[in-house]
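# Observations on the model geometry
Spelled out from the first residue to the last, the chains are:
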Amino acid sequence: MTEPAPRPTAGRGGTTSTGKPKRRFGGTHAQIRSALTFYKVLAYATGVMLLLVVVEMIAKYGFGSEIIAGGGAPLQLLPEVVAETAGGFNLSTAVLIVHGWLYVVYLIADFRLWQFMRWPFGRFVLIALGGVVPLLSFFVERRIHNQAEEDLAAHPEAAPRY
């Protein structure tokens, strides 16, 4: 007759009874999942805004035009000198400003998740680059989300530091 395997419990010296080191997070599992959701939303929003920045750059540097909403037509490409006096709302400038501030909030979400997970600094930089390279935020988000979920599932015994 075999006995059931012992459940891993926290032992002395920061190890579990199975001998592997105990994982320490910077927050509870609920806090980490909240940070992960916040990061996911910001990653998609930043990715979409970055694609709009690419469209704006193509219009500006490829065609020498600004994207204007209103001012005689719902949406129009006008040369830069005409766009200033045409009236309407300059979407080119708005996209740049919104993406810039959204990227700042994305970095806050990145830092919050990185801090809770206690990952190496290189991973923080990798996540931060996701908001700079077009389309990269979608791939980085998927990878980081999966890694965080695997880490949380592998260490259900991990207690917060405080």
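Everything numeric in this text was worked out from a predicted model, so none of it was measured. (Residues numbered from 1 in each chain as written. Predicted model: local features only at pLDDT ≥ 70, side-chain atom pairs only at ≥ 80, totals over all residues. Heavy atoms only, no water.)

## A word on the pattern of salt bridges
Here is the rule we go by: Salt bridge, as used here, is a side-chain nitrogen of Lys or Arg placed within 4 Å of a carboxyl oxygen of Asp or Glu. For helices the rule is a DSSP run of H or I covering at least 4 residues; for strands it is a run of E covering at least 2, with both sets numbered from the N terminus onward. Working definition: with a 1.4 Å probe on protein chains only, accessible area under 20% of the residue-type maximum means buried, over 50% means exposed, and in between means partly exposed.
Following the criterion strictly, the structure yields two salt bridges and no others. A salt bridge links Arg33 to Glu149; its shortest N-O distance comes to 2.7 Å. Of the two residues, Arg33 sits in helix 1 (residues 29-63) while Glu149 sits in helix 5 (residues 136-154), which places them 116 residues apart along the sequence. Residue classification places Arg33 among the partly exposed positions, given a relative accessible area of 35%. Take Glu149: its relative accessible area is 28%, and that puts it in the partly exposed class. The salt bridge partner of Glu66 is Lys60, with a shortest N-O separation of 3.1 Å.

## Description of helix 5
The criterion, for reference: To estimate how far a helix should extend, the number of its residues minus one is multiplied by 1.5 Å. Here, two residues are considered to be in contact whenever any of their heavy atoms come within 4.5 Å of each other.
With 19 residues, helix 5 extends 27 Å from end C-alpha to end C-alpha; this agrees with the ideal 27 Å at 1.5 Å per step. Looking at the buried residues of helix 5, the elements they touch are helix 1, helix 3 (91-117) and helix 4 (121-129).

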